[in-house]
Amino acid sequence: AITLLRKCQIQATDPQWFTNGHIDNSFRARNSLLMMHIWIVHKRLIQEGTKRGKLVDECIFDEYWDLSADDIRSEGVHEMSVNK
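In this report, we go over the structure that sits alongside the text. (Residues numbered from 1 in each chain as written. Predicted model: local features only at pLDDT ≥ 70, side-chain atom pairs only at ≥ 80, totals over all residues. Heavy atoms only, no water.)

1. Observations concerning the packing of helix α3 (residues 27-48) against helix α4 (residues 51-74)
Stated formally: A fitted line through C-alpha atoms serves as each axis, taken over the contacting stretch for helices, and the angle formed by two N-to-C directions is quoted from 0 to 180°. For helices the rule is a DSSP run of H or I covering at least 4 residues; for strands it is a run of E covering at least 2, with both sets numbered from the N terminus onward. When an angle is under 35 degrees it counts as roughly parallel; over 145 it counts as roughly antiparallel; between 65 and 115 it counts as roughly perpendicular; any other value is oblique. Pairs of residues are marked as contacts when any of their non-hydrogen atoms sit within 4.5 Å.
At a closest axis distance of 9 Å, the pairing of α3 and α4 adopts a crossing angle of 170°. With respect to each other, α3 and α4 are oriented roughly antiparallel. Side by side, α3 and α4 meet where Phe27, Asn31, Leu34, Met35, Ile38, Val41, His42, Leu45, Ile46 and Glu48 of the first sit next to Gly53, Val56, Asp57, Ile60, Tyr64, Leu67, Ser68, Asp71 and Ile72 of the second.

Next up, the structure:
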């Protein structure tokens, strides 16, 4: 799950998005790109229809949540506003 999340991060932070793709290099845009890549992986894992796929999907979400919570806090959002 961590490896899949890291691969999503690599794809989502490719500088091409922010240059040739004309996407704003803002927190919201970067987070949206990451979420899009995670969603694609999610759809693929659900398509498997296996317990393992579902478990990996849930683990990716948990890891993503922890990562996002840290990123949101670094943007200055109050701790109480960041709940799972």
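2. Re the environment of asparagine 20
Selection rule: Throughout, exposure labels follow a simple rule: accessible area from a 1.4 Å probe, protein chains only, divided by the maximum for the residue type, with under 20% read as buried, over 50% as exposed, and the rest as partly exposed. Distance and chemistry together define a polar contact, namely a pair of N or O atoms within 3.5 Å, with one atom able to donate a hydrogen and the other to accept it when in protein, and with adjacent residues in sequence counting only for side-chain atoms on both sides.
Within the fold, asparagine 20 resides in the loop between α2 (15-18) and α3. Here asparagine 20 falls in the exposed class, since its relative accessible area comes to 56%. Polar side-chain contacts of asparagine 20 include one of 2.4 Å to the side chain of glutamine 16.

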